[in-house]
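# Architecture at a glance
Take a look at the letters that make up each chain.
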Amino acid sequence: MPAAARSPLRIVLVEDSALLRDRLTGMLDSIAGIEIAGFADSEKSAIETLLQIQPDLAIIDLELRSGTGLNVLSAAHGAPQRFGQLRTVVFSNHAHSIVQGRCRALGALAFFDKSFQMDELLEYIQAAAERKLDNTA
């Protein structure tokens, strides 16, 4: 299958900080095989965006403009048939082991601390994009 016909890894970024959202978007744009399909900055807009776009992956912050990322995880994984094949990862400053465990219990595949794991998040996204491209080849 030609590269142009391959389906990119479609990502929704759930982050209320415009500065961090722009920074992360700039870094993600350098990764081949991904598409930033949407953004949300609150619990309500995140759930609506995820339902509408049906992305492959959501990167979710826990502290949002209103509501929480925990509630987004709960909604997405509590009714998976409504959200398609959505996979989620958390990118947050609230990295206590109890919080990480709660996120994983709610369906997050991985947890990245904003303070020092930006590179690990980008590596995770790149690997996910490569796997998706390999599966559509």
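Description of the structure in this document. Keep in mind that what you see is a predicted model, and the values were worked out from it rather than measured. (Residues numbered from 1 in each chain as written. Predicted model: local features only at pLDDT ≥ 70, side-chain atom pairs only at ≥ 80, totals over all residues. Heavy atoms only, no water.)

### Overview of the pairing of strand E3 (residues 57-60)
Neither face of E3 is left uncovered, since the one carrying Leu57 and Ile59 and the one carrying Ala58 and Ile60 both have all their residues buried. As defined by bridge partners, strand E1 (residues 9-14) adjoins E3 across 4 bridges and the pair is classed as parallel. Across the sheet, residue Val14 finds its bridge partner in E3, namely Ile60. (Buried < 20%, exposed > 50% of the residue type's maximum accessible area, 1.4 Å probe, protein only. Helix = DSSP H or I, 4+ residues; strand = E, 2+ residues; numbered from the N terminus. Pairing = 2+ DSSP bridges.)

### A few points about helix H2 (residues 43-53)
When we look at burial in H2, the residues that qualify are Ser45, Ala46, Ile47, Thr49, Leu50 and Ile53. Close packing links the buried residues of H2 with E1, strand E2 (34-40), E3, helix H3 (69-78) and helix H4 (80-83). Phi turns positive one or two residues past the end of H2, at Gln54, with a value near 55°. (Contact = heavy atoms within 4.5 Å.)

### Remarks on the sheet that holds E2
Pairing within the open sheet is parallel, and its 5 strands lie in the order E2-E1-E3-E4-E5. Looking at which strands have only one partner, the edges of the open sheet turn out to be E2 and strand E5 (110-113). Averaged over all pairs of adjacent strands, the angle between strand axes in this sheet comes to 20°, irrespective of strand direction. Sitting on the sheet, H2 touches E1, E2 and E3, and the angle it makes with E2 is about 140°. (Axes fitted to C-alpha atoms, helices over the stretch in contact; angles between N-to-C directions.)

### Points about the pattern of salt bridges
Summed over the entire model, instances satisfying the criterion amount to 6 salt bridges. One salt bridge in this structure joins Lys44 and Glu48, with 3.6 Å as the shortest N-O distance. Here Lys44 and its partner Glu48 are both found in helix H2, 4 residues apart, which amounts to about one turn of the helix. Between Asp56 and Lys132 there is a salt bridge, with its nearest N and O atoms 3.7 Å apart. (Salt bridge = Lys/Arg side-chain N within 4 Å of Asp/Glu carboxyl O.)

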